[in-house]
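Letter by letter, the chains look like this.
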Number of protein chains: 2
Amino acid sequence: MNYLFNDFVVSGLNPSNLVETGEQMKLTISKNELNDAIQQVAKAVSARPAIPILGGIKFDVNHQFVTLTASDTDISIQSFISVEQGDKIIAQIDKPGSVVLPAKFFVEIVKKLPSDQVMIEVRSGFQTIIRSGSSEIQMVGLDPEEFPVLPSIEQNDILQIPGDLIKSMIRQTILAASTSEQTPILTGVLWNLHDSMLKFIATDRHRLASRTTKVDSELNFSNIVISAKTLNELSRLIPDQNTLVDVVVADNQVLFKVDNILFYTRILDGTYPDTSKIIPQVFETELVLDTKNVMDAIDRAYLMSREEKTNIVRLATLDDGTIEISSSSTELGRVTEQLEVKQLTGEPLRIAFNSKYMLDVLKVIDSEQLFIGFSGAMRPIIVKPMDHPYSMYVILPYRTTG
Amino acid sequence: MNYLFNDFVVSGLNPSNLVETGEQMKLTISKNELNDAIQQVAKAVSARPAIPILGGIKFDVNHQFVTLTASDTDISIQSFISVEQGDKIIAQIDKPGSVVLPAKFFVEIVKKLPSDQVMIEVRSGFQTIIRSGSSEIQMVGLDPEEFPVLPSIEQNDILQIPGDLIKSMIRQTILAASTSEQTPILTGVLWNLHDSMLKFIATDRHRLASRTTKVDSELNFSNIVISAKTLNELSRLIPDQNTLVDVVVADNQVLFKVDNILFYTRILDGTYPDTSKIIPQVFETELVLDTKNVMDAIDRAYLMSREEKTNIVRLATLDDGTIEISSSSTELGRVTEQLEVKQLTGEPLRIAFNSKYMLDVLKVIDSEQLFIGFSGAMRPIIVKPMDHPYSMYVILPYRTTG
């Protein structure tokens with residue numbers, strides 16, 4: 001096993017030391033720190049493990065760190081608890097060692113233990129005793145040697161991105177990723193880095209989201225595609241305060257370091273489609289709208305369109321320079337919204353689109369006003385924030401009659 | 001239609017007035033008051049209506065009240081909005097009338113309307129126009145004459161109960177009601193009133209909850225059984241502040257008045273079983289415990305017992321005067337909790353019970369210390385709060401080996 005970051009060292013156990021001594025691992029650790037680390041890695045525990053060991057959390061204990069690891073085959077998460085943090089002793093290590101504990105029960109019981117301190121002792125056959133206050137729990141542990149070995153990632157060039165930036169880039173793109181496993185590559189978000197511009201793209205063929213940012217890096221990469229679901233999990237691990245996230249791209253893996261956490265994810269196989277050609281460059285009709293007003297109006301029209309299971313909402317320019325947003329349901333009736341525009345140039349327009357897709361975009365666009373560009377009723381609709389040029393959305397219209 | 005409370009008068013429409021005039025009902029009403037009333041009655045709208053009209057909310061508009069009514073066959077809820085509230089004009093009535101509007105879409109759209117005022121206009125054929133700000137909604141309304149007629153309840157003797165008292169009595173008993181429709185009578189809570197003592201009882205044959213209170217009333221009734229689910233809905237309608245709830249028991253209905261709301265529920269058919277004989281009066285072993293400590297200990301044991309799908313937890317008195325609470329799972333291991341007691345008298349004991357049932361009781365018992373009485377390993381367990389004598393719980397033990 002190679003580990004990327006020198007400050008985290010996990011001592012591999014020598015199996016010959018383990019044979020039938022009474023006590024194979026023993027420590028007393030702060031419940032809160034243990035619980036935090038468990039919550040961090042728990043997302044990587046297989047919900048329906050193919051083999052029992054994948055339903056477990058691995059403990060590696062040495063005199064510097066208590067390391068928790070969980071892994072399904074797609075992602076692996078490691079959380080490192082420093083035994084000493086400043087003046088505070090977080091864990092007292094009586095005997096270094098390793099064990100794998102079944103996660104499902106363990107994750108819940110630790111939260112509810114009565115004392116602030118938790119003693120964990122592993123005996124022969126990985127029989128584990130957990131003591132806290134007047135509670136004693138005996139668990140059947142598993143052999144850590146059977147736990148999957150984490151991918152070996154060489155210490156390569158590291159790309160540093162502020163945590164809040166990577167979180168907003170994820171939030172502003174994953175909405176357009178496909179949820180269908182029929183085209184696995186489209187369930188991911190494409191990452192490209194060229195000339196210090198980092199770009200995320202997601203598309204499910206009906207809509208596309210792209211988000212760019214300038215980064216301070218000499219690195220270049222392309223066709224790095226990471227599961228949108230995984231990015232969502234990563235996002236939850238990044239604290240809201242200012243944190244730097246270290247990113248290392250390897251052959252078939254990407255490794256993220258967030259504070260005391262290592263997050264490994266596999267790169268999706270395949271070549272991401274070229275999406276550059278579907279984006280119109282000139283528009284027949286251009287609108288500038290107040291984001292909140294148009295979001296509220298489409299939301300009301302969506303409620304009616306949802307009853308028809310189509311989500312079809314229509315947008316039409318009116319002669320008085322306003323626009324009308326409408327939807328109808330054969331059984332229920334009709335919603336009609338008249339909307340002031342900040343700016344309207346070009347040709348009159350009638351177009352229909354999936355209101356759910358449009359709402360997904362409007363919710364993440366983070367700009368008081370937005371630009372919508374149309375190239376005719378059958379051509380892709382472009383939505384962009386007015387406040388900054390970093391994100392761009394494409395929604396294909398619906399072919400409807402009338 | 002007879003209505004109980006003289007302060008609420010719903011004007012029945014004379015159908016002859018309705019024939020093909022242009023405008024059948026018209027009002028402008030405050031969105032917030034309308035929305036509050038919609039939320040209050042929405043719980044009585046059938047989720048899967050047998051006929052479309054049961055999926056609707058009925059509006060009855062006269063110059064004093066805007067009345068909203070919803071009804072599935074079990075419960076009916078009416079909310080009365082006063083047209084004037086003090087100096088405030090809540091609704092401007094242009095034309096009294098009635099209509100039924102399909103609830104599902106209507107409930108959601110009203111919340112999201114852009115203006116504080118909502119205009120509702122009903123035209124011929126119950127075509128309804130709703131306007132708010134720049135939104136216009138057309139809905140296909142239904143004929144109010146097809147809406148179920150609410151039960152006629154004579155102005156009888158009224159039992160008044162403080163809202164917070166009735167809420168806590170409901171909360172402290174519904175946990176023991178059956179969720180199985182096999183014995184419909186046991187899905188209800190039994191209400192008895194004799195000699196100014198109001199008593200609620202619920203049991204699913206495995207456990208029983210009873211709660212009594214002294215009320216200031218000359219009334220007597222027995223075998224009034226009301227669905228636990230319905231009582232739960234009623235409970236949500238009662239505000240937390242001090243409110244008086246008026247209760248009227250009629251032949252096959254109970255009517256509750258809470259502020260501006262009338263809540264009708266049907267009395268469950270059948271005779272509630274006599275539960276008085278299953279409650280032991282003398283105990284072989286008596287325990288007094290700290291409620292929070294025993295709840296936390298059983299909660300941890302429950303987590304392990306849940307993995308076995310049995311929820312079996314064992315309780316045993318120890319020689320040192322403490323008790324041990326434990327559970328085990330063949331695959332996972334064992335939880336053992338040692339617990340100080342406040343008081344322990346009588347015989348040594350080993351007993352097993354459903355920990356989920358015990359936790360349900362401990363969560364609602366509202367007393368710092370509790371009494372548990374045992375009459376042997378196979379006899380019902382009694383749990384009572386130490387702070388007050390008003391509630392009592394029975395849990396049947398499990399027959400286990402060892």
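Per an unreviewed UniProt entry, the recorded name for chain A is Beta sliding clamp, and the organism is Paenibacillus agaridevorans. In its Subunit (unreviewed entry) section, the UniProt entry covering chain A states "Forms a ring-shaped head-to-tail homodimer around DNA." UniProt, in its Subcellular location (unreviewed entry) section for chain A, records the words "Cytoplasm".

We now examine the overall build of chain A. Broken down by element type, chain A carries six helices and 28 strands. Once the C-alpha set of chain A is aligned to its principal axes, its extents read approximately 85 × 50 × 40 Å. Across the 402 residues that make up chain A, the buried fraction comes to 56%. For chain A, contacts bridging at least 24 residues in sequence account for 67% of all contacts bridging at least 6. Of note, chain A has its 37 positive side-chain charges centred 6 Å away from the centre of its 51 negative side-chain charges.

Let's shift gears to the relation of the copies chain B and chain A. With an RMSD of 0.0 Å, the operation that places chain B on chain A is a rotation of 180° combined with a shift of 0.0 Å along the axis. A rotation of that kind, with that shift, is consistent with a two-fold axis. Residue B:Ala47 of chain B places its C-alpha closer to the rotation axis than any other residue of that unit, at 16 Å. When the interface residues of chain B are mapped onto chain A, 100% of them again fall at the interface, so both copies present the same face.

This brings us to the pattern of salt bridges. Under the defined criterion, the tally for this structure stands at 32 salt bridges over all chains. Note that B:Glu136 is salt-bridged to B:Arg131, the shortest N-O span being 3.0 Å. Among the residues examined, B:Glu136 registers a relative accessible area of 23% and is labelled partly exposed. Of the charged contacts, one joins B:Glu324 and B:Arg334 as a salt bridge, the two residues approaching to 3.9 Å between their closest N and O atoms. One end of the pair, B:Glu324, is in strand E22 (residues 323-329); the other, B:Arg334, is in strand E23 (residues 333-339), with 10 residues separating them in the sequence. Put simply, A:Asp204, A:Arg207, A:Lys356 and A:Asp360 are held in one network by salt bridges that share partners.

Quick look at the sheet that holds strand E8 (residues 97-102) of chain B now. Residue and element names in this part refer to chain B. Across the sheet, which stays open at both edges, the eight strands sit in the order E8-E2-E3-E4-E19-E18-E17-E12 with antiparallel pairing between neighbours. Both edges of this open sheet fall to E8 and strand E12 (159-162), since each of them pairs with a single strand only. Put simply, the sheet's adjacent strands are angled 20° from each other on average, direction ignored. Sheet contacts for helix H2 (residues 103-111): strand E2 (56-61) and E8; angle to E8, the most-contacted strand, approximately 95°.

Turning next to the confidence of the model for chain A. Summing up the model confidence of chain A, the mean pLDDT is 92 and the portion of residues at 70 or higher is 94%. Residue range residues 1-20 of chain A is modelled with pLDDT below 50. Its contacts to residues more than four positions away, or to other chains, number 45 contacts.

The next point concerns the interface of chain B and chain A. Across the boundary between the two partners, chain B contributes 29 residues, which contact 29 residues of chain A. At the boundary of chain B with chain A, total buried surface from both sides reaches about 2600 Å², with 52% on carbon and sulfur atoms. Where chain B packs against chain A, one counts six salt bridges. Residues B:Glu108 and A:Arg306 are paired through a salt bridge, measuring 2.7 Å at the closest nitrogen-oxygen approach. The interface formed by chain B and chain A holds 20 residue pairs in polar contact (both at pLDDT 80 or more) in total. At the level of secondary structure, the elements contributing two or more residues to the side of chain B that touches chain A comprise H2, strand E11 (135-140), helix H5 (291-307) and E23 of chain B.

With that out of the way, let us pick up the domain arrangement of chain A. Interfaces are frequently sized by the accessible area removed from exposure as the parts join. Residues and elements named next belong to chain A. Domain parsing of chain A yields domain 1 (15-146), domain 2 (159-266) and domain 3 (279-395). Its C-alpha centre places domain 1 at a distance of 30 Å from the equivalent point of domain 2. Regarding the contact of domain 1 and domain 2, the summed buried area is about 990 Å², with carbon and sulfur atoms giving 52% of it. Taken as a group, Asp 74, Ile 75 and Gln 78 account for 41% of the area that domain 1 buries against domain 2, more than any other trio of residues on that side. At the surface where domain 1 touches domain 2, the tally comes to one salt bridge. Note that Arg 266 and Asp 74 form a salt bridge whose closest N and O atoms lie 2.8 Å from each other. Applying the counting rule to domain 1 against domain 2 returns five residue pairs in polar contact (both at pLDDT 80 or more). If one sorts the elements of the side of domain 1 that touches domain 2 by residue count, strand E4 (residues 75-82) sits on top with six residues. Classifying every residue of the side of domain 1 that touches domain 2 by side-chain character gives three nonpolar, four polar and two charged.

Let us now look at the packing of aromatic side chains. For the coordinates displayed, the defined rule picks out 12 aromatic pairs over all chains. Aromatic side chains A:Phe256 and A:Phe263 sit 6.1 Å apart centroid to centroid with 70° between the ring planes, which places their arrangement in the edge-to-face category. Judged by relative accessible area, A:Phe256 falls into the buried class, the value being 0%. When its relative accessible area of 1% is taken as the criterion, A:Phe263 is described as buried. Seen from their ring centres, B:Phe283 and B:Phe371 are 5.4 Å apart, and the 65° between their planes marks the pair as edge-to-face. Note that B:Phe283 is positioned in the loop between strand E19 (261-266) and strand E20 (285-290) and B:Phe371 in strand E26 (residues 369-374), a separation of 88 residues in sequence.

Cut-off values and rules
- Residues numbered from 1 in each chain as written.
- Chains lettered and ligands numbered in written order.
- Predicted model: local features only at pLDDT ≥ 70, side-chain atom pairs only at ≥ 80, totals over all residues.
- Heavy atoms only, no water.
- UniProt positions renumbered as here; feature names shortened; annotations may be inferred.
- Helix = DSSP H or I, 4+ residues; strand = E, 2+ residues; numbered from the N terminus.
- Buried < 20%, exposed > 50% of the residue type's maximum accessible area, 1.4 Å probe, protein only.
- Contact = heavy atoms within 4.5 Å.
- Lys, Arg positive; Asp, Glu negative; His and termini not counted.
- Charge placed at Lys NZ, Arg CZ, Asp CG, Glu CD.
- Least-squares fit on C-alpha atoms with pLDDT ≥ 70 in both.
- Salt bridge = Lys/Arg side-chain N within 4 Å of Asp/Glu carboxyl O.
- Pairing = 2+ DSSP bridges.
- Axes fitted to C-alpha atoms, helices over the stretch in contact; angles between N-to-C directions.
- pLDDT = per-residue confidence, 0-100.
- Buried area = accessible area lost by both parts, 1.4 Å probe.
- Polar contact = N/O pair within 3.5 Å; in protein donor to acceptor, adjacent residues only side chain to side chain.
- Domains from an automatic or database assignment.
- Nonpolar A, V, L, I, M, F, W, Y, C, P; charged D, E, K, R; others polar.
- Phe/Tyr/Trp six-rings, centres within 6.5 Å; stacked < 30°, edge-to-face > 60°.

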